[in-house]
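Single-letter residue listing:
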Amino acid sequence: MFRKLRDHDGTPLVALDKDELQMDGVIDENGEIPDDKQIHVQRLSQGSYIVRDVTDEGIAELNEVFL
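Residues numbered from 1 in each chain as written. Predicted model: local features only at pLDDT ≥ 70, side-chain atom pairs only at ≥ 80, totals over all residues. Heavy atoms only, no water.

**Student:** Whenever I open this one, a negative patch on the surface confuses me. Can you help?
**Tutor:** Residues Asp35, Asp36, Asp56 and Glu57 make up a contiguous surface patch of negative charge. Accessibility expressed as a relative area gives 81% for Asp56, which makes it exposed. (Patch = residues over 30% accessible without salt bridge, like charges linked within 9 Å, V, L, I, M, F, W, Y side chains within 5 Å. Areas by Shrake-Rupley, 256 points an atom, 1.4 Å probe, with all protein chains shown as cover. Salt bridge = Lys/Arg side-chain N within 4 Å of Asp/Glu carboxyl O. Lys, Arg positive; Asp, Glu negative; His and termini not counted. Charge placed at Lys NZ, Arg CZ, Asp CG, Glu CD. Buried < 20%, exposed > 50% of the residue type's maximum accessible area, 1.4 Å probe, protein only.)

**Student:** How should I be thinking about the pattern of salt bridges in this particular structure?
**Tutor:** As a working rule, side chains carrying opposite charge can pair if their charged atoms are close by. Scanning all chains against the criterion turns up two salt bridges. Arg3 is the partner of Asp17 in a salt bridge, and the nearest nitrogen-oxygen pair spans 3.6 Å. Placement of the pair is Asp17 in the loop between strand 2 (11–13) and helix 1 (18–23) and Arg3 in the segment before strand 1 (6–8), with a sequence separation of 14 residues. Judged by relative accessible area, Arg3 falls into the partly exposed class, the value being 38%. Across the pair Lys37 and Asp53 runs a salt bridge whose closest N-O atoms are separated by 2.4 Å. Within this pair, whereas Lys37 is found in the loop between helix 1 and strand 3 (39–45), its partner Asp53 is found in strand 4 (residues 48–55), the two being separated by 16 residues in sequence. You can call Lys37 partly exposed: its relative accessible area is 22%. The exposure class of Asp53 is buried, given its relative accessible area of 17%. (Helix = DSSP H or I, 4+ residues; strand = E, 2+ residues; numbered from the N terminus.)

**Student:** Would you explain the environment of Gly31 in this entry?
**Tutor:** By the element assignment, Gly31 lies in the loop between helix 1 and strand 3. With relative accessibility at 17%, the residue Gly31 sits in the buried group. Separated by 13 residues in sequence, Gly31 and Lys18 have C-alpha atoms that sit 6.9 Å apart. The residues touching Gly31, leaving out its near neighbours within four places in the chain, are Lys18 and Gln22. (Contact = heavy atoms within 4.5 Å.)

**Student:** Is there a simple way to think about the pairing of strand 4 in this case?
**Tutor:** Looking down a regular strand, the side chains alternate between one sheet face and the other. Examined bridge by bridge, strand 3 and strand 4 share six bridges and lie antiparallel to one another. Each residue of the ladder has a partner; that of Ser45, found in strand 4, is Ser48. Counting the residues that bridge the hairpin from strand 3 to strand 4 gives two residues, and of these Gly47 lies at a positive phi of roughly 75°. Two elements, strand 4 and strand 5 (residues 58–59), share two bridges in a ladder whose sense is antiparallel. Considered in strand 5, the bridge of Thr55 is made with Gly58. (Pairing = 2+ DSSP bridges.)

Quick look at the structure:
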């Protein structure tokens with residue numbers, strides 16, 4: 001899925017799919033984002049990034065396919 005890189009007051013942003021975030025429990029069924037919600041973004045290599053959910057248990061594990 002391709003997404004447009006946008007400028008938000010000088011900060012680059014990429015939108016994530018709301019339905020997939022709801023399916024994974026990152027946002028609630030009403031599409032609301034909890035006030036204290038944290039997401040972990042990690043640069044893997046040039047031009048390659050991974051975005052992971054952060055819960056009380058920590059950062060979501062990577063599937064071994066990505067290791």
